[in-house]
Amino acid sequence: MIITGNIEPQNVLTKTHRELKKGSSDSRHPFRYSSLATHNPETNEPNVRMVILREVAEDWSTIIYTDARSAKVEEIKQLGRAALLFWHSHHKVQLTMKVNVKLHQNDETAEQFWSKDVHGPARKAYTPLTAPGTVVPSPEKAHDWPEEFSMEHFCVLECVPFDIQVLQINRKEHRRLRFQRNEESELWEGQWIAP
């Protein structure tokens, strides 16, 4: 468990951040895969999908990769915000982060991650000839790639949280903390809230 006894909110924040960082480097860690929720303003509908956590900075900013042609990128362009949901089955902890998202495509940040982290067959995920979400006559028609892989459609989502909630599931005595960033000091302020 992450929230135990009379633990101080800042200690919960530290422990949770440590687990999140583990999730970015260990492919078997429960926080490696998360749900990314966005909103489509044209249809006024929410959308959610699984994404892979690639990196976590000391300020809690997280890195996710995607194909720039995907619906999530267009939805993020419209609103600039999204939400991430993580579940740690061993600790019985749910982590929710509301984030402002910076999109990086064909810039220095995208080039840095493409060069250091996306190699060989992994590049196929960002280079199919058919854009994600396109109707195809059969599944194999979605699996055509160019002769050479380029980073043209590779997009880095830099997710900067402004609201973090940690929910500890513990039989009938769940505990929940909400942290919000104080913009002046950039420090996280935590408060207990009803689960």
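Residues numbered from 1 in each chain as written. Predicted model: local features only at pLDDT ≥ 70, side-chain atom pairs only at ≥ 80, totals over all residues. Heavy atoms only, no water.

### Re the pairing of strand β5 (residues 81-88)
Link 1 in the chain: Across the two faces of β5 the burial differs, with Ala82, Leu84, Phe86 and His88 buried and Arg81, Ala83, Leu85 and Trp87 not buried at all.
Link 2 in the chain: As paired elements, β5 and strand β6 (residues 93-105) share eight bridges and run antiparallel to each other. By the bridge assignment for β6, Ala82 is matched with Val99.
Link 3 in the chain: Following β5, the chain reverses through four residues before pairing antiparallel with β6; Lys92 in that reversal takes a positive phi of roughly 55 degrees. (Buried < 20%, exposed > 50% of the residue type's maximum accessible area, 1.4 Å probe, protein only. Helix = DSSP H or I, 4+ residues; strand = E, 2+ residues; numbered from the N terminus. Pairing = 2+ DSSP bridges.)

### Examining the environment of Ser70
Link 1 in the chain: With respect to the secondary-structure elements, Ser70 resides in the loop between β4 (62-67) and α2 (71-79).
Link 2 in the chain: Sequence-wise, Ser70 and Gly133 are 63 residues apart; in three dimensions their C-alpha atoms are separated by 6.9 Å.
Link 3 in the chain: In terms of polar contacts, Ser70 uses its side chain to reach the backbone carbonyl oxygen of Asp67, at 2.9 Å. (Polar contact = N/O pair within 3.5 Å; in protein donor to acceptor, adjacent residues only side chain to side chain.)

### As for the nonpolar core
Link 1 in the chain: Counting residues in hydrophobic clusters, the biggest one holds 32 residues, and the most contacted among them are Leu20, Leu84, Met97 and Ile164.
Link 2 in the chain: Excluding its chain neighbours within four sequence positions, the residues that come into contact with Leu84 are Ser34, Ser35, Leu36, Val51, Thr62, Ile64, Leu95, Thr96, Met97, Val99 and Cys159.
Link 3 in the chain: Ranked by size, the runner-up nonpolar core spans ten residues in total, among them Ile63, Phe113, Val118 and Val156. (Core = buried A, V, L, I, M, F, W, Y, C linked by side-chain atoms within 4.5 Å. Contact = heavy atoms within 4.5 Å.)

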